[in-house]
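For reference, the chains in residue letters:
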Amino acid sequence: MPKKAEAPASFERSLQQLEEIVGRLESGELPLEEALNEFERGVQLARTGQQTLQAAEQRVQILLSDDKDAALAPFTPEND
């Protein structure tokens, strides 16, 4: 039975999990169904990581903005 998908504790932990999945997939030793489950989890982790990186990039751009008169507002990431 596949494990229930859990939200990673942090970006770093998510990246570590993704690296572990890649290693297992590259080994070629997983049965097809298990490999597909691992691949699916890897895609989920990659998408979540990409969203995290995009949000961080947006925050950095806001902080480095040259517009000193720009109104400050709390950053609220979009949830897709």
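This text gives an overview of the structure that appears in the document. Note that the coordinates shown come from a computational prediction; the quantities given were computed from them, not determined experimentally.

A separate point is the overall build of the chain. Of regular secondary structure, the chain possesses 2 helices and 0 strands. When each of the 80 residues of the chain is scored for burial, the buried share is 11%. Partitioning the contacts of the chain with sequence separation of at least 6, the portion at a separation of at least 24 is 50%. As displayed, the chain offers around 7,200 Å² of accessible surface, 54% of which is attributable to carbon and sulfur atoms.

The terminal C-alpha atoms of helix α2 (residues 32-63) lie 46 Å apart, and with 32 residues this matches the ideal 46 Å at 1.5 Å per residue to within 8%. Against the buried residues of α2 lie α1 (11-27).

Taken together, the side chains of Val60, Leu63 and Leu64 present a nonpolar region at the surface, about 340 Å² in accessible area. Its location among the elements puts Leu64 in the segment after α2. Given a relative accessible area of 62%, Leu64 falls into the exposed group.

The next point concerns the environment of Phe11. Looking at the element boundaries, Phe11 is found in helix α1. Overall, Phe11 belongs to the partly exposed group, its relative accessible area being 30%. Along the primary structure Phe11 and Thr52 are separated by 41 residues, whereas in three dimensions their C-alpha atoms are 7.4 Å apart. Ignoring anything within four residues of it in the chain, the contact list for Phe11 reads Gly49, Thr52 and Leu53.

About the cut-offs
Think of each chain on its own: its residues are numbered from 1, step by step along the sequence as written. Per-residue local features are limited, in this predicted model, to residues with pLDDT of at least 70; the limit for side-chain atom pairs, both in listing and counting, is 80 or more; totals at the level of whole chains, interfaces and linings are taken over all residues. With hydrogens and water set aside, each side-chain value is computed from the structure's full complement of heavy atoms. The helix and strand labels rest on DSSP assignments: H or I over at least four residues marks a helix, E over at least two residues marks a strand, and numbering proceeds from the N terminus. We call a residue buried when its accessible area falls under 20% of the maximum for its residue type, exposed when it is over 50%, and partly exposed in between, using a 1.4 Å probe and counting protein chains only. We call two residues in contact whenever any of their non-hydrogen atoms come within 4.5 Å of each other. The Shrake-Rupley method, run with a 1.4 Å probe sphere, supplies the accessible areas, and residue values consider only the shown protein chains as cover. To estimate the expected span of a helix, count its residues, drop one, and scale the result by 1.5 Å. Like-charged residues are merged into a patch within 9 Å and nonpolar side chains (Val, Leu, Ile, Met, Phe, Trp, Tyr) within 5 Å, provided each residue has over 30% relative accessible area and no salt bridge. Note on definitions: salt bridges are taken to be side-chain nitrogens of Lys or Arg within 4 Å of carboxyl oxygens of Asp or Glu.

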